[in-house]
Structures are given as structure tokens and as C-alpha cells.
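A look at the structure
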Amino acid sequence: QVQLVESGGGLVQAGGSLRLSCAASARTFSNHAMGWLRQAPGKEREFVASISWSGGNTAHKDSVKGRFTISRDNAKNMVYLQMNSLKPEDTGVYYCAAGSRPIPTSEADFGSWGQGTQVTVSS
């Protein structure tokens with residue numbers, strides 16, 4: 001029912017940038033707020049950013065504010081996460097997720113997510 005496909009992960013040096021992309025069905029995008037979660041090795045999955053299709057409101061985890069920017073392209077049913085000034089602590093598997101609230105701000109606010117894309121930031 002909900003299909004989410006992430007891409008754009010990879011290996012990057014600290015201070016570098018990556019742009020993650022998420023593709024989903026029109027039904028998913030039109031009925032769910034979207035966002036990004038991540039899970040570092042040995043840690044629990046955590047909220048990174050979210051965006052609402054109604055009004056374009058966004059939310060970002062405090063530690064990524066000013067560095068990460070979530071955006072959307074409604075015509076293409078795509079969600080992006082532009083990540084700049086990457087730090088080693090940003091390393092993890094990034095998941096595109098469909099939210100259950102207008103503006104998700106925690107991992108618990110998402111009901112579905114994709115397979116993830118690995119982001120590795122080296123020192």
C-alpha cells in the first residue's frame with residue numbers, strides 16, 4: 001500500500017554534502033506527511049526531518065538545523081533531504097517515511113518507511 005524508495009546515499013568526507021531522494025506513489029504523497037528517519041550503528045532510529053504537503057511546513061531535528069533541508073516536489077511525488085556540512089555523527093541508514101501526523105517530529109509519528117540508504121561520513 002505504501003511504497004517508499006530512497007536513493008542518494010554514499011560515502012562522503014566530513015564537511016561534504018549529499019542529497020537524498022525519496023520516491024513514492026501519488027496516493028502515499030497525497031495522504032501522508034513525509035519525512036526522514038535515520039539509524040546509526042548501535043542506536044535507535046531517530047527523527048531527522050519532516051514536511052507537510054498541506055502548507056509546506058517543515059520540521060528538523062535540532063542537531064541538523066541549518067545543515068539539512070527537507071523539500072518536496074509534488075508534481076513528481078518526490079521528497080528530498082539536502083545534507084550539507086556533514087559530520088561523522090550523521091552516519092547511519094536514512095529512511096524515507098510516511099507520517100501519521102500533519103507535522104511529524106518524532107520517530108513514533110511515522111507508520112511506514114522504506115528500505116533505507118546508507119550515509120557514511122568519514123573524519
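Look a little higher up for the structure.
Summary of the structure given here. Owing to the predicted nature of the structure, the values given are computational and were not obtained by experimental measurement.

How two aromatic rings sit relative to each other is set out by the distance from centre to centre and by the angle between their planes. One pass over the structure, following the stated rule, counts 1 aromatic pair. Considering the side-chain rings of Phe47 and Phe110, the 6.4 Å spacing of their centres and the 25° angle between planes classify their relative orientation as stacked. Of this pair, Phe47 sits in strand S5 (residues 46-51) while Phe110 sits in strand S10 (residues 110-113), placing them 63 residues apart in sequence. Taking relative accessible area as the criterion, Phe47 reaches 9% and is therefore assigned buried. In this structure Phe110 comes out as buried when scored by relative accessible area, which is 6%. Sitting over the face of the ring of Tyr95, Arg45 holds its NZ or CZ atom 4.4 Å from the ring centroid.

For Ser52, the position within the fold is in the loop between S5 and strand S6 (58-60). Classification of Ser52 by relative accessible area gives buried; the value is 3%. Reaching out from Ser52, the side chain makes a polar contact with the backbone oxygen of Pro102 at a distance of 3.4 Å.

Turning our eyes to something else, we now look at the state of the cysteines. Overall, the coordinates contain 1 disulfide when judged by the stated rule. Between the sulfur atoms of Cys22 and its disulfide mate Cys96 the distance is 1.9 Å. The sign of the S-S torsion, about -75°, decides the handedness of the disulfide formed by Cys22 and Cys96: left-handed. In this pair, Cys22 sits in strand S3 (residues 18-24) while Cys96 sits in strand S9 (residues 92-99), placing the two residues 74 residues apart along the sequence.

This part is about unusual backbone geometry. Phi at Asn77 is positive, roughly 55°, even though this residue is not glycine. Within the fold, Asn77 resides in the loop between strand S7 (68-73) and strand S8 (78-83). The backbone of Ser85 sits at a positive phi, close to 50°, despite the residue not being glycine. Here Ser85 shows up in the loop between S8 and S9.

This paragraph deals with the nonpolar core. Counting residues in each nonpolar core, the largest one holds 25 residues, and the members touching the most others are Met34, Trp36, Val79, Leu81, Met83 and Tyr94. Only S3, strand S4 (34-39), S5, S7, S8, S9 and strand S11 (117-122) provide two or more residues apiece to this core. If you tally residues by element for this core, the top one is S3, at 4 residues. With residues up to four places along the chain from it excluded, the contact list for Val79 reads Leu20, Ser21, Cys22, Phe29, Met34, Trp36, Ile51, Trp53, Ile70, Ser71 and Arg72. Counting residues in hydrophobic clusters, the runner-up holds 7 residues, among them Leu37, Phe47, Ala59 and Ala97.

The rules behind the values
- Residues numbered from 1 in each chain as written.
- Predicted model: local features only at pLDDT ≥ 70, side-chain atom pairs only at ≥ 80, totals over all residues.
- Heavy atoms only, no water.
- Phe/Tyr/Trp six-rings, centres within 6.5 Å; stacked < 30°, edge-to-face > 60°.
- Helix = DSSP H or I, 4+ residues; strand = E, 2+ residues; numbered from the N terminus.
- Buried < 20%, exposed > 50% of the residue type's maximum accessible area, 1.4 Å probe, protein only.
- Lys NZ or Arg CZ within 6 Å of the ring centre and 35° of its normal.
- Polar contact = N/O pair within 3.5 Å; in protein donor to acceptor, adjacent residues only side chain to side chain.
- Disulfide = S-S within 2.5 Å.
- Core = buried A, V, L, I, M, F, W, Y, C linked by side-chain atoms within 4.5 Å.
- Contact = heavy atoms within 4.5 Å.

Read these as layout, nothing more, since geometry by itself doesn't imply function.
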